[in-house]
Amino acid sequence: MKVKIGLEIHLELKTKSKMFCACKNDYDYEDEPNVNICPICLGYPGVLPTVNKKAIEYAILLSKALNCKISEKIQFYRKNYFYPDLPKGYQITQYKVGSIGYDGYLYLNLDGGKKVGIDRISLEEDTARTIQTEKDEILLDFNRSGIPLIEIVTKPDMENPKECVKFLENLRLTIQYLNISDANMEKGQMRVDVNVSVEDNERVEIKNVNSIREVENALYYEINYQIEQIKAGKKIKRATKMWDDYLKETREMRRKETEDDYRYFPEPDLPHIQIKDIDLVFKTPFKVYEEIVKLGVQKDYAEIIVRDLRLCNYFENFLKHSGDAIIGSNFIVNILKSFDKLPEPKELAKLSILVKENKIPNHIARQKLNEMKENLNVENILKNMDILSDKEVEEIARSLIEKFPEALKQK
Ligand SMILES: [Zn+2]
C-alpha cells in the first residue's frame, strides 16, 4: 500500500539570548528552573518584544543549507491558543507568507539520489517546559519560554520509515555542520512530529518522538496498524497520537485543532524585516563529501569521515598540512576512528607522505600508529628505523649481482 510520510521538526537554536528578549538562552537545561526570565518571556501584558538578529541569521543559514529560497520580507504572526505552558495566550511564530525559507530540499544520500522537499522553514518562540512530578503535580519552567525555535516542515515525500531515518540523520548532521544547534533529541533540542497517511486516507500525526530510532519504531507500528484497519474495512480518522516508547504503541491524544482555531494574525509589535545582500559562508556534509571524493578517497571511507564531525574536522586539518588524502583516509577509518584522542594532524600528514614515497612501509606505519596513538611522532619513527639511502641500496644491489651472476642471466 502507498505510504506518505511528512515531518515537522522543531529545533532549538544555540544563541546566547532568547528570541524576543535579552534573557539567557540556557538551551542545555543546566540552570535552576525559572532563573532566566523577564516580563517579556513571562508574557506580561503590555511588554514589547524585539527580534534576535542571530536567530534570523541561523534560520537563513539553515534555509540556504536546505536549498530553500529566502523570503525578501520576513513577518511574524500571533498563533492564539491557551495552554499552561503559554500563559500569554499566543505564541509569536510565522505563517504561510513571510517565513524565512521555502521550497527547498534535502538529499537522502550524501552523493545525491532521492530528494525530500522542504515546504518551509520558520522562526518562533519556544513555550515553557512542563515537568510532571511523581506526585502527579505539573511544574512549569519558564527558562525555556522564548528560546528561539526553528520549525522545519517537509513535504510528504517519504515513503517508508527507513527514508525518514535517512532524512533525519542528514538533517541533524547538516545542523551540526552549521553549528547552530547540537540537535540533541534526548535533551529536547530537536523534536520530531510525524505525519503519516496510507493509501491517501486521512493523515495521523504522531507527536514528540524523542529519538530517530523511536521515529522508525513509531512509524512501523502506525503504518501496520493503519494497513490492518484498511484491510478490515475500517475508516482511518484524522488523529493526533502519542508514541509510548515503553509499550511500543501509538495512542490517540486529542482531535487536531483546525487552523481557524488558532486565529493567526500579524504580530503588531514587530516590524517586517527586509532581507538583503545575504552572503553567508557555510559548509554542508554534502559539499564536504563531494570535495573529499574528488581527492580520490573511496566513497565508503568518505562517508564514514563526513558522518563523524570529529573525524571530518581532523581530516580537514590533516589536508591543510599537505597530507595524502587516500593514505590519510585509510589510516583514519581503519585505525584512528577508535582512538579517544587523535594524534597531531601535522604528524599524520608527514607519515602519509613518507608512506606515499615508500620511505616507510605501510605495515610499519600502521604498526607505529597503533603503538604511539595520540603521541605519534614521525621523527622518532625515522630515528629508530634503519632507512637506507639510495647509495646504500645501490651497494646492496651490486653485491647481490656479484654473488649471484647466474640469477641475473636467467632473466
Ligand atoms: Zn526574557
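Here the structure is shown first, and the text comes after it.
Presented here is a report on the structure given in the accompanying data block. Please read all numbers here as calculations on a predicted model, not as lab measurements.

**Let's talk about helix 2 (residues 53–65)**
Over its 13 residues, helix 2 extends 18 Å from the first C-alpha to the last, a length consistent with the 18 Å expected when each residue adds 1.5 Å. Along helix 2, the residues that are buried comprise A55, I56, Y58, A59, I60, L61, L62, S63 and A65. At the N-terminal end of helix 2, a side-chain oxygen is found 2.9 Å from the backbone nitrogen of K54, two or three residues along, and the residue is N52. Directly beyond the C-terminal end of helix 2, a positive phi value near 60 degrees is found at N67.

**Topic: the sheet that holds strand 4 (residues 77–80)**
Strand order across the open sheet formed by three strands is 5-4-15, with antiparallel pairing between neighbours. With partners counted over all chains shown, the strands left at the sheet margins are strand 5 (90–93) and strand 15 (265–266), one partner each. Relative to strand 5, strand 4 runs antiparallel, the two sharing four bridges. Residue pairing in the sheet places R78 in a bridge with I92 of strand 5.

**Let's talk about the side chain of Q94**
Take Q94: it is sitting in the loop between strand 5 and strand 6 (101–109). Polar side-chain contacts of Q94 include one of 3.1 Å to the backbone oxygen of Q75.

**Digging into empty space enclosed by the protein**
Evaluation of the coordinates by the stated rule reveals one cavity of 30 Å³ or more. Empty space within the largest cavity amounts to approximately 100 Å³. C41, G43, L86, K88 and S145 are, among the 14 residues lining the largest cavity, the residues nearest its centre. Broken down by element, the residue count for the lining of the largest cavity peaks at three residues, all from helix 1 (residues 39–42). Residue classes in the lining of the largest cavity are distributed as six nonpolar, four polar and four charged.

**Some details on the environment of S71**
Inspection of the secondary structure puts S71 in the loop between strand 2 (69–70) and strand 3 (73–74). On a C-alpha basis, the gap between S71 and G98 in space is 5.8 Å, while along the polypeptide they are 27 residues apart. Discounting chain neighbours no more than four positions away, the residues touching S71 are G98, S99, I100, Y102 and I275. Polar contacts involving the side chain of S71 include one to the main-chain carbonyl oxygen of S99, which spans 2.4 Å.

**Points about the packing of aromatic side chains**
To describe a pair of aromatic rings, you give the distance between the ring centres and the angle between the ring planes. Counted by the stated rule, this structure contains 10 aromatic pairs. A ring pair is formed by Y81 and Y262, whose centres lie 5.8 Å apart and whose planes are at 70 degrees; its orientation type is edge-to-face. Of this pair, Y81 sits in the loop between strand 4 and strand 5 while Y262 sits in helix 5 (residues 259–262), and the two are 181 residues apart along the sequence. Judged by relative accessible area, which is 26%, Y81 ranks as partly exposed. Taking relative accessible area as the criterion, Y262 reaches 13% and is therefore assigned buried.

**Things to note about unusual backbone geometry**
Of note, A183 is a non-glycine position whose phi angle comes to about 50 degrees, a positive value. Within the secondary structure, A183 sits in the loop between helix 3 (161–178) and strand 11 (190–198).

**Observations concerning the nonpolar core**
Here is a general trend for soluble globular proteins: nonpolar side chains tend to be buried in one another's company. Within the largest apolar cluster, 99 residues are counted, with the highest numbers of intra-cluster contacts made by L62, L123 and F167. For this core, the element with the most residues is helix 3, which contributes nine residues. Of the domains in this structure, domain 1 (3–274) and domain 2 (285–390) are the two that each give at least three residues to this core. Ignoring anything within four residues of it in the chain, the contact list for L123 reads L13, M19, A55, I56, A59, F76, T93, Q94, I100, L149 and I150.

Conventions we followed
Numbering of residues starts from 1 in each chain and follows the order in which that chain's sequence is written. Two thresholds apply to this predicted model, a pLDDT of at least 70 for residue-level local features and 80 or more for giving and counting side-chain atom pairs, whereas whole-chain, interface and lining totals are computed over all residues. Only heavy atoms go into the side-chain values, all of them from the structure, while hydrogens and water stay out. Working definition: helices are DSSP H or I runs of at least four residues, strands are E runs of at least two. Numbering for both runs from the N terminus. An expected span of 1.5 Å times one less than the residue number is assigned to each helix. Here the term buried applies to any residue with accessible area under 20% of the maximum for its type, exposed to any over 50%, and partly exposed to those in between, with areas from a 1.4 Å probe on protein chains only. Polar contact is defined as a pair of N or O atoms within 3.5 Å, subject to the rule that within protein one atom must be able to donate a hydrogen and the other to accept it, and that residues adjacent in sequence are counted only when both atoms are side-chain atoms. The pairing criterion for strands is at least two bridges between them, as found by DSSP. Space inside and on the surface of the protein is sampled on a 1 Å grid over the protein atoms alone, with a cavity defined as a set of points where a 1.4 Å probe fits but cannot get out and a pocket as an open set with protein on both sides within 12 Å along at least 5 of 7 lines; lining residues have an atom within 4 Å of a point. Grid points are joined across faces, edges and corners, and a volume is the space filled by probe spheres set on the points. Residues are grouped as follows: Ala, Val, Leu, Ile, Met, Phe, Trp, Tyr, Cys and Pro are nonpolar; Asp, Glu, Lys and Arg are charged; all remaining types, including Gly, are polar. It only takes one pair of heavy atoms within 4.5 Å for two residues to be counted as in contact. Between the rings of Phe, Tyr and Trp (Trp by its six-membered ring), a pair exists once the centres lie within 6.5 Å; its type follows the angle of the planes, with under 30 degrees stacked, over 60 edge-to-face, and the other angles tilted. Throughout, nonpolar core names a set of buried Ala, Val, Leu, Ile, Met, Phe, Trp, Tyr and Cys residues whose side chains join them through atoms within 4.5 Å. Marked domain ranges trace back to an automatic or database domain assignment.

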